Amino acid sequence: MISQSLQIMIQTVDIIYGLAWGDEGKGKISNAMAKHYDYVCRWNGGPNAGHTVYVNGQKHKTHIVPSGVFAGKRCVIGPGCVINTDKFYEEVRTLRSAGFNPSLIKISPNAHIITQDHIEYDKKHLGHLGTTSQGIAPCYSDKMLRRGRRAFEVMDPCWMWDGHLEGKVLCEGAQSVWLDIDHGDYPYVTSSTTMPYAACSLGFSPRKINRIIGVAKAYDTKSGVDPLFPESLWNNADLNRIIELGGEYGSTTGRKRLVNWLNLDKLHKAIKLSGCTELIINKYDILEAIGIFKVIVNGVVVEFDTLNSMKQYINDYFIINNIDHLHEISWSGDKEKI
Ligand code: IMP
Ligand code: MG
């Protein structure tokens, strides 16, 4: 009975998530959209994520707190997330001193807690996978072994979420399709389900989901090591300029990201797998700044004279390789205040 009345109170759920290897600029999009919602929720990951947003020209970074806090919306960190309490409290202090209201933030009692042992294990044993060293995989492992500690056991009850959602709900994904534990480039993946369907772990019916907004980037990058990532071209001068102009350094680790031209076949597969209804391609202005426009199709690099011809080609590509659930493609610049 309780869950039935909960479903009725939710009007709609929209989801924002990444279609590549993370770092597509999801934070900017969800921050821009948050004002239209009652709740902004995270369903996966922990301090391995890094969202950079600008509010009134000021730069803010969050790792675990949903971007709704900047719009004064209620924020939920769901049961599928993992929490480093020290880092969470530090984020709360920073937000408070910047004038935002941390009492809007609630954490599922069932979210798991990252311990110092998890961090040590990650640093000692998982470096070869290029992890963020935040203790993510060991924490999720203990969760699966049913010996993890959960938020309600160690945190002040004032932070605990009572499971309530109502009105319009925005869910923001952390990491992205190719980092997903089931569908990503295993073992060079993260430990959670980054796919939009996992947003339902927050406790609503899949039938509530309306928009499934996938964010991609006008070129591909991946943070960390990955022999499966389509050849990283650090020795390519044009792609190196993309790294510099696009600021393609890990927001949690500071590492230089692997980089290549946008692989359209991989993007097509990500859209199909994840049920994306709207595609946003971010950071096209970085390509404009270097004046080089390329994509990869069937393993072959295709070059264009102008950004417009590249956009046209991508539109045509998705018309020819039709995906019935995808009905909109839009472009967003890195420097655009949307
Ligand atoms: P872990 O999540 O720390 O275990 O790291 C596993 C892989 O996911 C590594 O390649 C990380 O660089 C990558 N990763 C984890 N979180 C993010 C993120 O928020 N953005 C981009 N890459 C990430
Ligand atoms: Mg990020």
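Preceding this paragraph is the structure being described.
The shown structure was predicted, so the numbers you read here are calculated from the model rather than taken from an experiment.

Let us now look at the site of ligand 1. Taken together, 16 residues lie around ligand 1, and Asn48, Gly130, Thr132, Thr190 and Ser223 are the ones closest in. Gly130 places a main-chain nitrogen or oxygen 3.4 Å from an oxygen atom of ligand 1. Between ligand 1 and Thr132, the relevant distance is 2.6 Å, taken from an oxygen atom to a side-chain nitrogen or oxygen of the residue. Taken together, the residues of the shell around ligand 1 break down into 5 nonpolar, 8 polar and 3 charged.

Now for the pattern of salt bridges. For the structure shown, the criterion picks out 9 salt bridges. Glu278 is the salt-bridge partner of Arg211, the closest N and O atoms lying 2.8 Å from each other. Placement of Arg211 in strand S10 (residues 209-217) and of Glu278 in strand S13 (residues 278-282) is noted, with a sequence separation of 67 residues between them. On the accessibility criterion, Arg211 (31% relative accessible area) is partly exposed. Measuring nitrogen to oxygen at the nearest pair gives 2.9 Å for the salt bridge that ties Glu248 to Lys283.

Let us look at the environment of Tyr317. Note on placement: Tyr317 falls in helix H10 (residues 307-320). C-alpha separation for the pair Tyr317 and Asp265, spaced 52 residues apart in sequence, amounts to 9.5 Å. Excluding anything up to four places from it in sequence, Tyr317 contacts Leu264, Asp265, His268 and Val297. For Tyr317, the side chain forms a polar contact with the main-chain oxygen of Leu264, separated by 3.4 Å.

With that out of the way, let us pick up the pairing of strand S9 (residues 167-176). Most of S9 is tucked away, with 9 of its 10 residues classed as buried. By the bridge criterion, 7 bridges tie strand S1 (residues 10-18) to S9 in an arrangement that is parallel. Among the inter-strand pairings, Ile15 is bridged to a residue of S9, identified as Cys171. Bridge count for strand S2 (residues 39-42) against S9 is 4 bridges, and the pairing is parallel. Residue pairing in the sheet places Tyr39 in a bridge with Val169 of S9.

Before going further, it helps to spend a moment on unusual backbone geometry. Cis rather than trans, the peptide bond between Tyr186 and Pro187 has omega equal to 5°. Positive phi is not limited to glycine here, since Asn56 has a value of about 50°. One can find Asn56 in the loop between strand S3 (51-55) and strand S4 (58-62). Using a relative accessible area of 79% as the deciding quantity, one classes Asn56 as exposed.

Here the focus is helix H7 (residues 237-246). For H7, the complete set of buried residues consists of Leu239, Asn240, Ile242, Ile243 and Gly246. Looking straight down H7, one finds its buried side chains confined to an arc of 150°; they lie on one side. Where H7 begins, the side chain of Asn236 points an oxygen toward the backbone nitrogen of Asp238, at a separation of 2.9 Å. Backbone geometry just downstream of H7 places Gly247 in the positive-phi region, at approximately 60°.

Considered as a void within the structure, the second largest pocket measures approximately 290 Å³ in volume. Around the second largest pocket sit 14 residues that line it, and Lys61, His63, Glu90, Glu91 and Thr94 are the ones nearest its centre. For the lining of the second largest pocket, the secondary-structure elements that each account for two or more residues are S4 and helix H3 (85-97). A total of 5 residues in the lining of the second largest pocket trace back to one element, the largest contributor, which is H3. Looking at the lining of the second largest pocket, its residues break down into 4 nonpolar, 5 polar and 5 charged.

Let us now look at the packing of helix H8 (residues 264-274) against H10. Any two packed helices are characterised by how steeply their axes cross, that is the angle between the axes, and by the distance between the axes. At their nearest, the axes of H8 and H10 sit 12 Å apart, and the two run at 50° to each other. The angle between H8 and H10 falls in the class oblique. In the packing of H8 onto H10, the handedness of the crossing is right-handed. Contact with H8, carried on its side by Leu264, Asp265, Leu267, His268 and Ile271, involves Tyr313, Ile314, Tyr317 and Phe318 of H10 and no other residues of that element. A breakdown of the residues in the contact of H8 with H10 according to their chemical character gives 7 nonpolar, 1 polar and 1 charged.

Under the defined criterion, the tally for this structure stands at 1 cavity of 30 Å³ or more. Computed from the structure, the largest cavity encloses a volume of approximately 50 Å³. Forming the boundary of the largest cavity are Leu19, Ala20, Trp21, Trp178, Ala216, Lys217, Asp220, Leu262, Asn263, Lys266 and Leu267. Of all the secondary structure elements, the ones that give two or more residues to the lining of the largest cavity are S10, strand S12 (258-263) and H8. Classifying every residue of the lining of the largest cavity gives 7 nonpolar, 1 polar and 3 charged.

The rules behind each value
Residues numbered from 1 in each chain as written. Chains lettered and ligands numbered in written order. Predicted model: local features only at pLDDT ≥ 70, side-chain atom pairs only at ≥ 80, totals over all residues. Heavy atoms only, no water. Near = heavy atom within 4 Å. Polar contact = N/O pair within 3.5 Å; in protein donor to acceptor, adjacent residues only side chain to side chain. Nonpolar A, V, L, I, M, F, W, Y, C, P; charged D, E, K, R; others polar. Salt bridge = Lys/Arg side-chain N within 4 Å of Asp/Glu carboxyl O. Helix = DSSP H or I, 4+ residues; strand = E, 2+ residues; numbered from the N terminus. Buried < 20%, exposed > 50% of the residue type's maximum accessible area, 1.4 Å probe, protein only. Contact = heavy atoms within 4.5 Å. Pairing = 2+ DSSP bridges. Arc of directions from axis to C-beta. 1 Å grid on protein atoms, 1.4 Å probe; cavity = no way out; pocket = protein on both sides within 12 Å on 5 of 7 lines; lining within 4 Å. Points joined across faces, edges and corners; volume = space filled by probe spheres on them. Axes fitted to C-alpha atoms, helices over the stretch in contact; angles between N-to-C directions. Parallel < 35°, antiparallel > 145°, perpendicular 65-115°, else oblique. Left-handed = near helix turned anticlockwise from the far one by under 90°.

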